[in-house]
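# What the coordinates show
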Amino acid sequence: YQEQDMRVKQFMLYREDVHDLTELTTGRMDSYLLVALVELGCCLDLLVHGVMHVSITEQQDRVEPTWLLYLYVISLAEAFVYLFLSAWFAIHASVA
């Protein structure tokens, strides 16, 4: 019976190790979720309120090109999508 008892204790240690690893993953995902949501809020704020004013008229011998506005909006939209997916996957990993 002692050998069987040792095997049961060893199996319980394995289960405890797996449980600790899953809790570690869940804790990390909760930390990543907080950071991703803060960055997502900043990105959304820049998309809504952080508008670059592009004008065709010259101001102080400088013309602001319209392609710069397009690159700005595309890069912010791409960052928003990636951060949204990051938050979604972090929530999914935390719940699962």
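Everything below is about the structure shown above.
In short, a report on the structure. Quick caveat, the model's predicted, so the values are computed rather than measured.

### With respect to a nonpolar patch on the surface
A surface patch of nonpolar side chains, about 570 Å² in accessible area, is lined by Trp67, Leu68, Tyr70, Leu71 and Ile74. Mapping Trp67 onto the fold places it in helix α2 (residues 66–95).

### Some points on the pattern of salt bridges
A side chain with one charge may pair with a side chain of the opposite charge, provided their charged atoms come close. Overall, the coordinates contain 2 salt bridges when judged by the stated rule. Note that Arg7 is salt-bridged to Glu3, the shortest N-O span being 2.9 Å. With Arg7 and Glu3 both in helix α1 (residues 2–49) and 4 residues apart, this pair spans about one turn of that helix. The exposure class of Arg7 is exposed, given its relative accessible area of 55%. Salt-bridge contacts for Asp5 lead to Lys9; the nearest nitrogen and oxygen are separated by 3.8 Å. Here Asp5 pairs with Lys9, and both are found in helix α1, just 4 residues apart, close to one helical turn. Residue class for Lys9 comes out exposed when judged on its relative accessible area of 52%.

Each value, and the rule that gives it
- Residues numbered from 1 in each chain as written.
- Predicted model: local features only at pLDDT ≥ 70, side-chain atom pairs only at ≥ 80, totals over all residues.
- Heavy atoms only, no water.
- Patch = residues over 30% accessible without salt bridge, like charges linked within 9 Å, V, L, I, M, F, W, Y side chains within 5 Å.
- Areas by Shrake-Rupley, 256 points an atom, 1.4 Å probe, with all protein chains shown as cover.
- Salt bridge = Lys/Arg side-chain N within 4 Å of Asp/Glu carboxyl O.
- Helix = DSSP H or I, 4+ residues; strand = E, 2+ residues; numbered from the N terminus.
- Buried < 20%, exposed > 50% of the residue type's maximum accessible area, 1.4 Å probe, protein only.

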